[in-house]
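The chain contents come next:
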Amino acid sequence: MADFGLVVPVSRTRRELAHFRPTDRTIVFLAYDLHFGGSTDPAVVDHRDWMLFGLTRREVASALDRLSGEGWWLAQIAGSVVRITWRSGSMKEVADALAR
């Protein structure tokens, strides 16, 4: 785990698990993958795949809202109501944009 940066030294003899969060590119890719896979907007936010990254629904909603400001989509989230206006029309467009 230390080789992959998943634990960090706290003292000479003690280590703790590092807090891992996905990069913004990973969030964009997964959100679009879920969208193009047929998930509704609320289902994208609630999808269990986010748990692979340790993200809660609130953290996913916050990340989607934050990434709205970068032009990936327009996310409107209020409680359980979710509306996302997707900017890319295909995964190829998303992959091309992420590669730039």
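The paragraphs below set out a description of the structure included in this document. (Residues numbered from 1 in each chain as written. Predicted model: local features only at pLDDT ≥ 70, side-chain atom pairs only at ≥ 80, totals over all residues. Heavy atoms only, no water.)

1. Focus: the environment of Met51
Okay, so step 1: With respect to the secondary-structure elements, Met51 resides in the loop between helix H2 (41-46) and helix H3 (57-68).
Okay, so step 2: With relative accessibility at 60%, the residue Met51 sits in the exposed group.
Okay, so step 3: Expressed as a C-alpha distance, the spacing of Met51 and Ala97, which sit 46 residues apart in the sequence, is 25 Å. (Helix = DSSP H or I, 4+ residues; strand = E, 2+ residues; numbered from the N terminus. Buried < 20%, exposed > 50% of the residue type's maximum accessible area, 1.4 Å probe, protein only.)

2. Section: the pairing of strand E4 (residues 81-86)
Okay, so step 1: Only one face of E4 is covered, namely the face carrying Val82, Ile84 and Trp86; the face carrying Val81, Arg83 and Thr85 is uncovered.
Okay, so step 2: In this sheet, E4 lies alongside strand E3 (residues 73-78) in antiparallel orientation, the contact comprising six bridges. What sits directly across from Ala75, in E4, is Ile84.
Okay, so step 3: Hairpin connection from E3 to E4: two residues lie between these consecutive antiparallel strands, with Gly79 at a positive phi of about 65 degrees. (Pairing = 2+ DSSP bridges.)

3. Points about the packing of helix H1 (residues 24-36) against helix H4 (residues 91-99)
Okay, so step 1: Relative orientation of the contacting elements H1 and H4 amounts to 175 degrees, with a least axis distance of 10 Å. Compared by their axis directions, H1 and H4 come out roughly antiparallel. Where H1 approaches H4, its residues Arg25, Val28, Phe29, Tyr32, Asp33 and Phe36 are matched on the opposing element by Met91, Val94, Leu98 and Ala99.
Okay, so step 2: Classifying every residue of the contact of H1 with H4 by side-chain character gives eight nonpolar, no polar and two charged. (Axes fitted to C-alpha atoms, helices over the stretch in contact; angles between N-to-C directions. Parallel < 35°, antiparallel > 145°, perpendicular 65-115°, else oblique. Contact = heavy atoms within 4.5 Å. Nonpolar A, V, L, I, M, F, W, Y, C, P; charged D, E, K, R; others polar.)

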